[in-house]
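# Geometric and topological summary
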Amino acid sequence: MAVFFAAIPVLLLWHLHLGQSPQFFPAGRKITLLILLSVNLLVIYVSDLYDKYKDYRNIENISRIIFAVWVGMVLGGLAIRFTKDLYLDPNFIEWHALCFSGLLIFWRYLFSALALPQRLRRRMLIVGAGDSGQRILQTIQERPNSGLEPIGFVDDDPQKVGQRLKGIAVLGTSDTLTELIRRYNIEIVVVAIIREKSPKLLKTLSHLSFNHCELVDMPTMYEHLAKKIPLDYISDNWLFLHSIYRSKYYYRHVKRLMDLALAAAGLLLAAPLLPCIALAIKLDSPGTVFFRQQRQGQTGKSFSIFKFRTMRDAAPDQEPQWAVKGDPRITRVGWFLRKARLDEVPQLINVLKGEMSLIGPRAEWDVFAQMSLQEETRWRPGRRAGDPPGFMVPAGEVERVPFYGFRSVVKPGITGWAQVQFPMAGSSFEDLQEKLAYDLYYIKNISLFLDLAILLKTIRIVLIGRGK
């Protein structure tokens, strides 16, 4: 509330500094301002921006603030527009929203930077001291400003009790979990047991969830901290049960309208540059101006992608290969086009055709997509009493890159979460798996807020020239 009203004198001082008349300021419009305040507070509340434990240094949460304030501006403006006694100059509403969002971002960023690392630190226990438990501990230790303080492990292996793993002690077994939570004032319990949990442990955890202790599974906590999905610690069922199946009907329609509007506007703005780019490509190296290639789209359907050619034409019998850093096939003009992301402009045609979106997982070459989807035999250690040490038995068929098929539930995009979080990726199946972890995070958390965050990150990457 204070930030809302603080934006008014800041805005007034700014206009006076510029020598502009402050005639549109709302002298005596107390009821109008209260209506605007109420609308903004309601929108901010609905957007879940009153959680003090959220990290507002994160671009996703900053995008939520921007979106909420400007939605509040539109709704508030509509609420007072048709009432003469409450009318405000639209210029004031727009400038106030700009100033209010800036001050709110500054205040929330400052609060998170000062409070999360120390004053709002939450003490936590990790149930399971195996590989997944140690992985989440390492992830937290790599982020000292996360606001989380791991106190110890709980594990039912008596040989582990008393040991220290990565600097943290195994405090006891699950039988002592309730007592340990009370003794150490634990606020969060991370369940890092990937295998089937015992009925006794499930009963204990169920009681804890109703006694002011937050329960989080390891993949969810890792996703929250690393902004990607831990592929080694999830299953198809986990993806399904954690919202990947939700239709998001209205989001899809709003996003399609935004894709059409922004793609059309982008082509119009880029139109004067297109002949110059085409001429530069033709003068720099022999070959076509445009590059077309079959890529995998939504539901696995192939389509032809359009880009400006940035490489020398390949020989007809040349084997498919990924582009690599310093690739000798890249032309001089192609190097500049890639750095400025101008080679992507023709993809706006694919967006208009409905084959792509502005934001989504990268459209992968269908050759590599099919290779990633090829099934391979998964092996596990033998469990029978007569099995010798190291004996492995088949345990079913899995994709070469596990969970790769989930990428095709949405349209591919010109930019995406994997591109902005992992822009310096190399070209291999290992890097493909790393990018998939980010793609699945995007699909699971898909929203207009996340799309806005990706756009802001993309602009920053283009300006500083990061990536390939």
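Above: the structure in question.
What you see is a predicted model, and the numbers here were worked out from it, not measured in a lab. (Residues numbered from 1 in each chain as written. Predicted model: local features only at pLDDT ≥ 70, side-chain atom pairs only at ≥ 80, totals over all residues. Heavy atoms only, no water.)

### Some details on the pattern of salt bridges
Under the defined criterion, the tally for this structure stands at 14 salt bridges. A salt bridge links Arg-183 to Glu-179, with the shortest nitrogen-to-oxygen separation between them at 4.0 Å. Here the residue Arg-183 and the residue Glu-179 both occupy positions in helix α6 (residues 177–184), the gap between them amounting to four residues, near one helical turn. In this structure Glu-179 comes out as partly exposed when scored by relative accessible area, which is 37%. Its salt-bridge partner being Arg-407, residue Asp-439 comes within 3.0 Å of it at the nearest N-O pair. Placement of the pair is Asp-439 in helix α16 (residues 429–444) and Arg-407 in the loop between β11 (392–399) and β12 (413–415), with a sequence separation of 32 residues. Neither Asp-439 nor Arg-407 differs from the other in exposure class; each is buried. (Salt bridge = Lys/Arg side-chain N within 4 Å of Asp/Glu carboxyl O. Helix = DSSP H or I, 4+ residues; strand = E, 2+ residues; numbered from the N terminus. Buried < 20%, exposed > 50% of the residue type's maximum accessible area, 1.4 Å probe, protein only.)

### A few points about the pairing of strand β2 (residues 148–154)
Of all seven residues in β2, six are buried; the element is thus mostly enclosed. Summarising the sheet, strand β1 (residues 122–127) and β2 pair through six bridges and their orientation is parallel. Bridging from a neighbouring strand, Arg-122 pairs with Leu-148 of β2. Each parallel crossover has a hand, and for β1 linked through helix α5 (residues 131–141) to β2 it is right-handed. Looking at chain direction, β2 and strand β4 (residues 168–172) are connected through two bridges and run parallel. Across the sheet, residue Phe-153 finds its bridge partner in β4, namely Val-170. (Pairing = 2+ DSSP bridges. Right-handed = clockwise from strand over helix to strand, strands pointing away.)

### Some words on the nonpolar core
Membership of the largest hydrophobic core comes to 46 residues, with the highest contact counts inside it found for Leu-231, Trp-417, Leu-440 and Tyr-442. With nine residues, the top contributor of residues to this core is α16. Other than its neighbours up to four places away in sequence, Leu-440 contacts Ile-229, Leu-231, Leu-239, Phe-403 and Phe-406. (Core = buried A, V, L, I, M, F, W, Y, C linked by side-chain atoms within 4.5 Å. Contact = heavy atoms within 4.5 Å.)

### Observations concerning helix α3 (residues 59–81)
Here α3 is 23 residues long and its end C-alpha atoms lie 33 Å apart, about the 33 Å a rise of 1.5 Å per residue gives. Listing the buried residues of α3 in full gives Glu-60, Asn-61, Ile-62, Ser-63, Ile-65, Ala-68, Val-69, Gly-72, Met-73, Gly-76, Gly-77 and Ile-80. The residue sitting at the N-terminus of α3 and contributing the capping side-chain oxygen is Asn-58; that oxygen lies 2.8 Å from the backbone nitrogen of Glu-60. (Expected span 1.5 Å × (residues − 1). Polar contact = N/O pair within 3.5 Å; in protein donor to acceptor, adjacent residues only side chain to side chain.)

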